[in-house]
Amino acid sequence: MVCKMNYVEGNFATEHTHPHEQSGYVISGQYQMTVDGQEYELLPGDSYSIPGGVPHSFQVIGGGEVIDVFTQIREDYL
């Protein structure tokens, strides 16, 4: 499942897990991502991959767009 996410400064996702593998590509904006306790700054052109079941969180520092890809389909997004 491919999703184009549009974020504004201050959006966030608290630490969570899901069974889906999640990969993404940052089109624009600035983000702080924590994956399994490790912090990362994400800027345009960066990509990421999070295995299913791994705790992660997300903070929008500067609004923008991200492409997220989930495997398997996220029924909760339909």
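Each remark here, short or long, concerns the structure printed above.
Note that the structure is predicted; figures quoted are calculated from it, not measured.

## Some details on the pattern of salt bridges
1) Next: A complete count under the given rule lists 2 salt bridges for this structure.
2) Next: E65 serves as the salt-bridge partner of K4, at 3.2 Å between the closest nitrogen and oxygen. Taken together, the positions of K4 in strand β1 (residues 2–7) and E65 in strand β8 (residues 64–71) put the pair 61 residues apart, joining distant regions of the chain.
3) Next: With its nearest N and O atoms 2.6 Å apart, the salt bridge here joins R74 to D76.

## Quick look at the sheet that holds strand β5 (residues 38–42)
1) Next: The antiparallel open sheet is built from 4 strands, whose spatial order is β2-β7-β4-β5. Looking at the sheet topology across the chains shown, the edges are occupied by β2 (12–16) and β5. Adjacent strand axes in the sheet meet at a mean angle of 15° when their direction is disregarded.
2) Next: Bridging between β2 and strand β7 (residues 56–62) involves 3 bridges; their strand directions are antiparallel.

## What about the packing of aromatic side chains?
1) Next: Enumeration according to the criterion identifies 4 aromatic pairs in this entry.
2) Next: Summarising the aromatic geometry, the rings of Y7 and F58 are spaced 5.1 Å apart at their centres and angled 50° between planes, so their arrangement reads as tilted. With Y7 in strand β1 and F58 in strand β7, the pair connects residues that are 51 residues apart, well separated along the chain.
3) Next: Classification of Y7 as buried rests on a relative accessible area of 18%.
4) Next: Look at F70 and Y77: their rings are 5.4 Å apart centre to centre, the planes differ by 80°, and that puts the pair in the edge-to-face class.
5) Next: A connected cluster of aromatic rings, assembled from ring pairs, spans Y7, Y31 and F58.
6) Next: One residue, R74, lies across the ring of F70, its end atom 5.1 Å from the ring centre.

Calculation notes
Residues numbered from 1 in each chain as written. Predicted model: local features only at pLDDT ≥ 70, side-chain atom pairs only at ≥ 80, totals over all residues. Heavy atoms only, no water. Salt bridge = Lys/Arg side-chain N within 4 Å of Asp/Glu carboxyl O. Helix = DSSP H or I, 4+ residues; strand = E, 2+ residues; numbered from the N terminus. Pairing = 2+ DSSP bridges. Axes fitted to C-alpha atoms, helices over the stretch in contact; angles between N-to-C directions. Phe/Tyr/Trp six-rings, centres within 6.5 Å; stacked < 30°, edge-to-face > 60°. Buried < 20%, exposed > 50% of the residue type's maximum accessible area, 1.4 Å probe, protein only. Lys NZ or Arg CZ within 6 Å of the ring centre and 35° of its normal.

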